[in-house]
Structures are given as structure tokens and as C-alpha cells.
Amino acid sequence: MRTLDKKMLRTMWRHRSQIFAAIAVVTCGTACFICLASLHENLKLTRDTYYAQNRFADFEIRLERAPTSTLYELQEIPGVRQVRGRIVEDVKLDIEGVTDARMGRVISVPETGGGFLNGLVIRSGNFFDPGAQNEVILSEQFAQANELGVGEHIKATIDGKKHTLKIIGLGLSPEYVYTIRNVQELVPSPDRFGILWVPRDFAESALTLEAACNSIIGSVESEDQLDTILNAAEPLLDTYGIFAKTKKYDQLSNRILSDEIRNLGVVSRVIPTVFLGISALVILILLNRMVRNERTQIGLMKAYGYSSFAIAMHYFQFALVISLTGCILGFFVGQYLAGQMIEMYVKFFSFPILQSRIYPNILAQAMGISIAFSMIGAMSAAYRAARIHPAESMRPEAPVVGHRTLLERVQPVWQRLSFTWKMIVRNVTRHKFRSTINIFGVMVSTALLIIGFFSIDGIDYLMEFEYEKMQRQDVRVSFYLERGKDALYDAKRFDYVDHAEPMLQYPFTLTNDWRTKDVLLVGLPRHARLQRLMDTEERVVDIGENGLVLTQKLADMLSLRVGDTVKVKPMMGRVTDEKTVRVSKIIQQYFGASGYMNIEALSRVMNESFAMNSVLLKTEPGKEHRLNDELEDIPAVSSIEVKEDSIRNMSETIEMNMKVTSFVSVLFAGVIAFSIIYNITSVSLAERERELASLRVMGFSRDEVGRILYHENMLMGVVGLALGIPAGMIVCRLLVKAFDTEMIRMPYHLESRTFIISIVLTISFVLISNWAIRRKIHQLDLVETLKERE
Amino acid sequence: MTHEIQQENVFRINDLVKTYQMGEVSVSALRGISLDIHPGEFLVILGHSGSGKSTLLNIIGGLDTPTTGTVQYEDHNLGEFTETELTHYRRKHIGFIFQFYNLMPNLTAKENVEMATEISDDPMPALDALELVGLASRAGHFPSQLSGGEQQRVAIARAIAKRPRVLFCDEPTGALDIATGKIVLEVLQDVNKKMGTTLLVITHNAAIAEIADRVIHMRDGHVSEIEVNDEPKTLDDVVW
Ligand SMILES: Nc1ncnc2c1ncn2[C@@H]1O[C@H](COP(=O)(O)OP(=O)(O)O)[C@@H](O)[C@H]1O
Ligand SMILES: [Mg+2]
């Protein structure tokens, strides 16, 4: 082994705790990168192969009823590769021994099998035999959540008629990787909503849609032509009551999955960069100190004939050892985390196979990046070492020059400070670079905490806003068809019902000049108590007598302002004439593009005096489920949703998510704060050993001496904290902007709890660093320290 | 200054042995030293480099511990002191001066002295202490703005402001030229006379010995000779 290498190992051993702290940051950085980047790559590849192998459709057109013969016409449109007509219908489910509501979506598949669009992956059991009746393939997650297996039965109310279906298989489909009924649901509830694939013939007869379909899916040669193709399809289907055209990009499950993948891609770049940047700073501080420590030695080595290059390389090697060790540890930690993350993803996303894999290209990248950052950190030390002149190095270092600080101008304050504080203030201001990095480290740490907790607060708040502030019903009952006022009176007469309000949700096409958009409009009574219309400022919005209330997003899409008029046309049903409606209000909301109108005004748009398709019920306390049981068997009822159950289900999933998020952000914030504070304090301690030892000789106790460093760290910690809070808040605001999609906008909402926890944790990080430094102070050898004079 | 019969000794040093174990080799710094130190006396320890002077002083000053043997301070056995008691001992009873001044570079002369006064019960005002070493006019200067001799005098002011019973000085003039060294010694002698502080000064400058009450000669970890000056000279009479 070369002498320089021996020296390096010894020096590393002497600085082992500092080097360990530096390695910890590199480990976090590479682990994050490996975990997130592999996950990103993994999800992307898995999605793409899954979509390709099971022919995920490029578009879907939902309509009232189209004869299957039109499919041939669609097939003729240039660019169309394959089309399939199918039947899709939401149904109520009945499971033995389960009392609360279960919803299903019946989807027809050709019993001939073969490579059809949105194909199934059979996980257990079989695909249908030709001529199968009353058989179903159930979505795997739903079956598992409800402990249903192949061979068992499930009851479904389809078009008002109860059918008992035999489960012959469990399956998955690329269409439902993320299985939620609608955007508002936020997270999947595998126990409450499932997909039922049924043979085509059975669906046709059960829904009286013989030789017809209500959903057309298709694939195209190139996604660029999608708009042209859909435009060409429209006149062919116009008479069949189109009520939604969805491109692959907007398909709910795909959109959420793809957004998640995109976000992962961003995060996998940002977080590791922060860590590795910090690691560069830690290495910078550590190595600069080493060079200063070893000035004389370096001078001697040069005098013996070592070249400046060899000396510079020596310091780069330190950085290399740190980053390589960090990489190796990071690899294991990263792979482990990726495994954990995948386990979490599997709970939300259903893929046929999603397993942790090792991506050599990502490992190579991780290594490259972390080495690059550590080299940047080592640059200044290597440069300084290379420049040391042998003769000059023998002379003692210039003594520390005391200086006055600005604070001293304020004599009344300065006079009151104890000498400890005077030393601290002068020291913090003297080592400006070091203090800045220390403060910066704490700032990043606090900001990370705030950002981590923000994601929890946001979802928490969204739940509260949606399910407590806006929706105040206990049960929501939906009907298959639009009903008159009598349905409301009927509902009020049910046992346990205290109060009932009507609601109408219907798809409309909104047109302003050449801009057009298909949306669900919601009709509510004025001064509704159960479904309140609120904006993001939590103000209750008066829906008015006439006029349309639009969300900002929809207004922007249609380029509408208050007072403008817009043409409104129901997308299905008998009514085919357009009405002109004035935009009365534009409000900010969290969920998507939607519009609201007084239920009576909306009914008039549909040429009815009063129409409703769901009723919201307030029950006597605790009687929600009793009511549910009573309503279950009414044929006209398409679904019953007990709010309490929905909330419980969501809270469970979200809570798990929260635990992981908070654990990870606390861990990361802690490692950053600790490694920076510990390293800087170690350097500072090494420089001031004599000073501190002589204090001990004068009769200061270990803790009194330590306090000089502890207080100094606390002072900088408080400054870092004070900067980290606003910095975190700014990043949160930016995140809200960055993740603002057509479907959902995260609320900018931070609980006071978040601030308190962040402050307490940041201060704890400083205290932990101080506690680690305490050992070094206790080990200070008075005689040795005072004897040697460098 | 003559010595009456001492009622009590400040220190009773009994058969001190200090052996440093360095791997296979062991170095004996002290090989059995017994010595009494009287209150108010000016004691000089003389000896070649490596003879064990610093080791002896550090052990008496509670910075180091002997391998065997005891140091009795007044009624207490230093060896039985806990860490807290040792701190208390250094804080309230003794002061140290080193060859290198070890001032806080970040504090002014006055603040350096105040640092010591902040932790003692009955301190001298910082400016008085600086006055005593003739540096009242430089109170606001930082160490880097003072000469070596001045820095050493600040260190003395810092040590005496606590009004210690004993002052340990390990080669206080070692880094100074003769003229400056003389001023520093003058200050130390002054402190010994005016405040009655017991003074232990290590030096290898034999000339200094002439101003002491007693001179301990050390060689190879032994006390080779104790010399008593019945008539200590004043600094001005010493031939350098
Ligand atoms: N920490 C130590 N480890 C090993 N040997 C030491 C140590 N400190 C002092 N010594 C040895 O003890 C002897 C006495 O040292 P010291 O008391 O410093 O002498 P002086 O102050 O008289 O020059 C010397 O030989 C020195 O090398
Ligand atoms: Mg010595």
C-alpha cells in the first residue's frame, strides 16, 4: 500500500464519525435516487407492457345505445386499428353477510375470448366458455377484499332485476389499474367497488341492449390522429346520444397512473439532488478542514518530491471513498425502499406483475451522480492542497483575528451578553461561510418537514372539505332514471329520515363559439343544507335562481366570464335543443371542471319542470345502515352510499400513506440536519480545541464549555428554522401549482400542528447533534491539547 | 522575605510517580517526588527539558493524575476529587499560565478577563486586574492586536482576577524576549507580594531562580536539590 493511502486510512479513521455523517447523506441521496428512479422506470415499463399486451384502448365513446352495426362504419375511419362495442353499467351488489353498500361496474366481454381491446388477465379460475350465462369474472382486488373466491356467488341488481352470478374467475384489466368510480373518490376502495366482467350475450339481455352497445372502445394507428378520428366518428354516432368521449390520456385510471409516474420522475430528480448537493457541502467542509490540519504534512511531502497533482488526487480520493461507500449502502437501502414502495403501490394499483427489479443503468447513473457531486465538494480542498508551498507551510498559520460585530454598536444589548454569547456572536459572524451552510442545512431540513407534512395536511383537508363542509348528508341514494318531485316526498317518508334534498347530475355539452366541453352539471336546490356549494375559501356560494355557476377551470377552458352566455345541450335523452344560459358566478374548486345550477333551472334546460336523479338524506343519528337495508331492494335505486363508510375506507388507506410519508420525511430531514450540524461543529471544535481546553483549565465545567458550541448551534438552528418555515411554505405553494391538473387541485393548507411538529423536530435534530458532539467535548484531553502547538 | 514556621502547607506531595505507557515502552516522567509547598511562597522549578517539570505541575494543578502517590491540597486528597470537585478546585483555588497564552481570540482583553470573573464568587473587577498588569489602556484590544508580552500579561490578569490561592506558571516567559519576559516576571512577583498568592514557576532560565524563595531542581523525574534563598533578589539585581 502506498504511503499516501495509509495516511488516508488513518486520517479517515481519526475523522470516522464525521466521515460517517457525510456517507449518511450520500447514502440517503443515492438510496432516494435508486429507489425513486427504479420505481419510475419499473412503473413505466410495467404500464407500457401491460397496456400493449392487453391492448389498452386509445379512446372510449360512451353513448346511450348504438347498434353494433355502426362499429363497421367506425372501423372504416382511416387510422382506426380496432374497435369494440361493449356494455358498461354500474350496478348494486349483494354479498352474503355484508350489510353496507357494494357497488360494481358490469362490463361485457366477448365470450369468444381472443385478443380483444382492454383484455383481461385471468389471475385464477377460467375465462368464459361459449354460451356461458350468469357467470362473472370478478376484479381480483375486490374479490380478495371481500373474501370471495372462484366458485362462489355474487348477487347483482342489473336494470332493477336481481341476478345471481357464479364467479368463474378473478381478473385484471389495464382499464382499471387504479380502480375508482369517479375523481372525487381520491383513493380506491377495493372492498366497496369492483369490476364484473360478464359475457356479452348475458349483458345484452340483462340490459335489453340486444345487438347494441353503450360504450365503444378503439385503438388507433397513432395517438396524434386521435382528435381527427374522434371528430370523424362523431357524425356517425350523433343520433345514438353520445355522452362522453374519452381519450386514453384522460382515461381516469391511466391519467392517475400516468400522473403518478410523471410526479415520480420529477421527485426522483429533485430529492436526490438536494441530498447530494448537501453531501457536496459536507465533504467541502470536511476536506477543507483536513487540508488546513495537514498543511505542514503536505508541505513536507512536497519537499520530499510528491507532486501537487498527487496531493490533489489524494483529497479527491477521500471524496471518492465517501461517495463509493455511500453508493454501496445507498444501493441496499434504495433497493429495500423500492421493495417497500412497490408493496405500497400494489395496494393502490393493480398490475399483473409488479416486482422490485435492479436496473443496472440506474445504478450506474446513481454512482456517476454521487461521485460527481462529491468531486465538486472536494475540488476546493484539492486545489488548496495543490497550492501549498513547502516553505510557507512550515510557518505557523496566521493567528485568528478578533473582530467587532454589528451587534456591538448596540451597547446596551452587547453589555448584557455573557462572554459565552459574545464568543458565539463573534464566532458565527467570523465564519460566515460555515455558518451559512449550517443555517442552510437546518433550513432545508425544516422545509423538508413542512413539505412532507403538507402532503398529509392537504389530503386531510380535502377529505374534511369534501365530506364534512360540502357534503352533509348521511346517505346518498341514486336512481337509474330521472324522477319527479314525488321521489323526494317518498324519500322523506322513509323511517329514520330527518331531512331529504334532491340533486340532479346530468351530462351536458357546453358551447361557447368554437370552444366546447362535455361536463356533468349538478342541479341543487337554492339554500341546500345537505350538499352545499362552496369555494376554496370555504364560502358558501348562493346558487341563485337562474344562471350557471362554473368552476374557474371550466370557465377558463370555455373562455367564459361572469355575465357571458353559454349554450347548453343535454348529451342524452329526448331533448335535442340547445338552451342559452348566463354565467352567474365563477368559483374556485378543488375538483375538476364542473358547473352548478339551481335544480329547477337545470330541469327546465331538460324541458322538465322538476327532475332529480339522486336524493340526499339526513338520518336519525346512527341509523344510516338501517336505512340502507330498507332501500336496498327498491328496483329504481341504482346505488346507495353511506357517507360514513366512504370516509372510513378512505381514512384507512390515507392513514397508511401518511405514516410512510411522515416517517420518510422525518428521516431525511434528520439525516440532513444532523450531518451538517455535526460536521460543522466537529470542524469548529477541532479548530478551537485549545481555546476550549484552556477554558476547562480555568475552571469551566465540561457542560459550560460545551454550551458555547451548543448555544451556537441552537442560535443557527433557530435562524435556519425561521428561514425554513417560509421556504417550506413557498415550495408547498409551488407544488400546488405544479400538480394542478384538469382533474384535481391540491389545497394549499397547512395545519398549525405541522408547524409545531416541524419546529419541535428541528430543535430535536439540533439537540441530537449537540448530544453527539458532547462526547467529543468530554474526551478533550487538557494536557495534550495545551501541550502541542501546531 | 523570610519564612516563619508554617502552620500548614498548601500542598503536600507524597512520592509521586508518573509512568506513561506507550505500547511496549513505558516512559517514567516522575520517579517518586515528595515536596511541601508553603502558603505565599515563590517557588521556581528548574530543570532540563524532559525532566518532568510540566508533568509535576499538571498533576498538582489537577489536569493530570499520577500513576501512584498522592497530592494533598489543604485537607483534601486531589486523587479523590470527582470531576465536579476538580472543576471547582480549578475554578476557585488555582490559576494557570502557559507558555502560549491561550487567550480567546474572539474576545477583547477585558472580555477575556471578564470571562474568568463571571465564574468566581469574589472576583477582582476586570479593569483592576488589567491595571495590575499595566494594561488598563489596552482593555478593548483583541489578542491579535497585542504583543506576546502583552498577551501573557492579559493571561495573568485573567488568572489572578479570580483571586486564586495558587498560580501555576509553565514557562511563562518561554516565548518572550528578555526585556518582555522581565516585565512579565515583575508582574508575577508583584502578584505574589501584594496578594500573597502562592506562585509556582517552571523555567529553565537559572537567572530567574534568584528571585524565588525556593528553587526545586529536577532531573530525570527526581528532585535533585532544593535551594532556599534567604534573601531573594529583586528583578533589577538579577544579571541576565
Ligand atoms: N503524554 C505523554 N506520553 C508519553 N510521554 C510523555 C507524555 N507527556 C510527557 N511525556 C514524557 O515525560 C517526560 C517528562 O515530560 P515533561 O513533564 O513535559 O518535561 P518538562 O516539562 O520538564 O520538559 C518526557 O520524557 C516526556 O517525553
Ligand atoms: Mg514542560
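The rules behind each value
- Residues numbered from 1 in each chain as written.
- Chains lettered and ligands numbered in written order.
- Predicted model: local features only at pLDDT ≥ 70, side-chain atom pairs only at ≥ 80, totals over all residues.
- Heavy atoms only, no water.
- Pairing = 2+ DSSP bridges.
- Helix = DSSP H or I, 4+ residues; strand = E, 2+ residues; numbered from the N terminus.
- Contact = heavy atoms within 4.5 Å.
- Axes fitted to C-alpha atoms, helices over the stretch in contact; angles between N-to-C directions.
- Buried < 20%, exposed > 50% of the residue type's maximum accessible area, 1.4 Å probe, protein only.
- Domains from an automatic or database assignment.
- Buried area = accessible area lost by both parts, 1.4 Å probe.
- Salt bridge = Lys/Arg side-chain N within 4 Å of Asp/Glu carboxyl O.
- Polar contact = N/O pair within 3.5 Å; in protein donor to acceptor, adjacent residues only side chain to side chain.
- Nonpolar A, V, L, I, M, F, W, Y, C, P; charged D, E, K, R; others polar.
- Phe/Tyr/Trp six-rings, centres within 6.5 Å; stacked < 30°, edge-to-face > 60°.
- Lys NZ or Arg CZ within 6 Å of the ring centre and 35° of its normal.
- Core = buried A, V, L, I, M, F, W, Y, C linked by side-chain atoms within 4.5 Å.
- Parallel < 35°, antiparallel > 145°, perpendicular 65-115°, else oblique.
- Left-handed = near helix turned anticlockwise from the far one by under 90°.

## Let's talk about the sheet that holds strand 4 (residues 68-73) of chain B
Two modes of strand pairing occur in sheets, parallel and antiparallel, and in both the strands are linked by backbone hydrogen bonds.
All names here are of chain B.
Move 1: With antiparallel pairing, 4 strands are arranged side by side in an open sheet as 2-1-4-5. At either margin of the open sheet sits one strand with a lone partner, and together these are strand 2 (25-37) and strand 5 (76-77).
Move 2: Here strand 4 runs beside strand 5; their pairing, made up of 2 bridges, is antiparallel. For tyrosine 73, the partnering residue across the bridge sits in strand 5 and is histidine 76.
Move 3: Set on the sheet, helix 1 (residues 53-60) makes contact with strand 1 (11-22), strand 2 and strand 4; between it and strand 1 the angle comes to about 120°.

## Digging into the side chain of arginine 434 of chain A
Residues and elements named next belong to chain A.
Move 1: Note on placement: arginine 434 falls in helix 14 (residues 432-470).
Move 2: Using a relative accessible area of 11% as the deciding quantity, one classes arginine 434 as buried.
Move 3: With residues up to four places along the chain from it excluded, the contact list for arginine 434 reads Arg292, Ile680, Val683, Ser684 and Glu687.

## With respect to the domain arrangement of chain A
Residue and element names in this part refer to chain A.
Move 1: According to the domain assignment, chain A consists of domain 1 (1-56 + 226-396), domain 2 (88-208), domain 3 (416-471 + 645-790) and domain 4 (497-619).
Move 2: Computed over C-alpha atoms only, the centres of domain 1 and domain 2 are separated by 43 Å.
Move 3: Contact between domain 1 and domain 2 buries roughly 1700 Å² in total, counting both sides, with carbon and sulfur atoms accounting for 59%.
Move 4: Viewed at the interface, domain 2 and domain 1 are joined by 0 salt bridges.
Move 5: The interface formed by domain 1 and domain 2 holds 12 residue pairs in polar contact (both at pLDDT 80 or more) in total.
Move 6: Within the residue set of the side of domain 1 that touches domain 2, elements represented by two or more residues are helix 2 (16-53), helix 7 (252-293) and helix 9 (308-348).
Move 7: No other element matches the 4 residues that helix 7 contributes to the side of domain 1 that touches domain 2.
Move 8: Here the side of domain 1 that touches domain 2 is built from residues that sort into 11 nonpolar, 4 polar and 2 charged.

## Comments concerning the packing of aromatic side chains
Move 1: The final tally for this structure, using the stated rule, is 22 aromatic pairs over all chains.
Move 2: A centroid spacing of 6.1 Å and a plane angle of 35° characterise the contact between phenylalanine 116 of chain A and phenylalanine 127 of chain A, whose relative ring orientation is tilted. Of this pair, phenylalanine 116 of chain A sits in the loop between strand 4 (102-109) and strand 5 (121-125) while phenylalanine 127 of chain A sits in the loop between strand 5 and strand 6 (135-139), and the two are 11 residues apart along the sequence.
Move 3: Phenylalanine 116 of chain A sits in the buried class, given a relative accessible area of 8%.
Move 4: The class of phenylalanine 127 of chain A is partly exposed, set by a relative accessible area of 22%.
Move 5: Measuring from centroid to centroid gives 5.2 Å for phenylalanine 465 of chain A and tyrosine 590 of chain A, while their planes differ by 80°, and the two rings are edge-to-face. Linking phenylalanine 465 of chain A in helix 14 with tyrosine 590 of chain A in the loop between strand 17 (579-587) and strand 18 (595-598), this pair joins segments that are 125 residues apart in sequence.
Move 6: What makes tyrosine 590 of chain A buried here is its relative accessible area of 6%.
Move 7: In textbook terms, an aromatic cluster arises when at least three aromatic residues are bridged by ring pairs, as seen for Phe11, Tyr73, Phe81, Tyr89, Phe96, Phe98 and Phe168 of chain B.
Move 8: Between the NZ or CZ atom of arginine 733 of chain A and the centre of the ring of tyrosine 748 of chain A, over which it lies, the distance is 3.9 Å.

## A closer look at the nonpolar core
Residue and element names in this part refer to chain A.
Move 1: Within the largest apolar cluster, 83 residues are counted, with the highest numbers of intra-cluster contacts made by Tyr315, Ile322 and Phe349.
Move 2: Ranked by residues supplied to this core, first place goes to helix 7 with 15 residues.
Move 3: The contacts of phenylalanine 349, once residues within four sequence positions are left out, are Val177, Tyr178, Ile256, Leu257 and Glu260.

## Points about unusual backbone geometry
Residues and elements named next belong to chain A.
Move 1: Of note, the phi angle at arginine 55 is positive, near 50°, even though the residue is not glycine.
Move 2: The residue arginine 55 is located in the loop between helix 2 and strand 1 (59-67) in this model.
Move 3: Look at asparagine 134: it is not a glycine, yet its phi comes out positive at around 50°.
Move 4: Looking at the secondary structure, you find asparagine 134 in the loop between strand 5 and strand 6.

## Here we look at the pairing of strand 10 (residues 222-228) of chain B
Residues and elements named next belong to chain B.
Move 1: Bridge count for strand 9 (residues 214-219) against strand 10 is 6 bridges, and the pairing is antiparallel. Within strand 10, the position partnered with valine 215 by the bridge is glutamate 227.
Move 2: Linking strand 9 back to strand 10 in an antiparallel pair, the connection comprises 2 residues, with aspartate 220 at a positive phi of about 55°.

## Details of the packing of helix 20 (residues 689-697) of chain A against helix 21 (residues 702-738) of chain A
Two measures define how a pair of helices packs: the angle their axes make with one another and the distance between the axes.
Residue and element names in this part refer to chain A.
Move 1: Where helix 20 contacts helix 21, the two axes come as close as 9 Å, and the packing angle between them is 150°. Regarding the angle of helix 20 to helix 21, the classification is roughly antiparallel. Helix 20 and helix 21 meet at a crossing whose hand is right-handed. Of the residues in helix 21, those touching helix 20 at Leu692, Leu695 and Arg696 are Arg702, Val705, Ile708 and Leu709.

## Focus on the pairing of strand 19 (residues 612-619) of chain A
Residues and elements named next belong to chain A.
Move 1: Of all 8 residues that make up strand 19, 7 are buried, and the element is covered over most of its length.
Move 2: Relative to strand 19, strand 12 (residues 475-483) runs antiparallel, the two sharing 5 bridges. Bridge pairing in strand 19 places serine 478 opposite serine 614.

## Examining the domain arrangement of chain B
Residue and element names in this part refer to chain B.
Move 1: Along its sequence, chain B is organised into domain 1 (11-93 + 165-237) and domain 2 (104-161).
Move 2: The centre of domain 1, based on its C-alpha atoms, is set 23 Å off from the matching centre of domain 2.
Move 3: Domain 1 puts 12 residues into the contact, and the matching count from domain 2 is 13 residues.
Move 4: Each partner contributes to the roughly 1100 Å² buried at the junction of domain 1 and domain 2, and carbon and sulfur atoms together form 75% of this total.
Move 5: The interface formed by domain 1 and domain 2 holds 1 salt bridge in total.
Move 6: Linking aspartate 121 and lysine 92 is a salt bridge whose minimum nitrogen-to-oxygen distance equals 2.9 Å.
Move 7: Summed over the shared surface of domain 1 and domain 2, the result is 4 residue pairs in polar contact (both at pLDDT 80 or more).
Move 8: Among the elements that line the side of domain 1 that touches domain 2, the one with the most residues is helix 6 (residues 178-195), at 7 residues.

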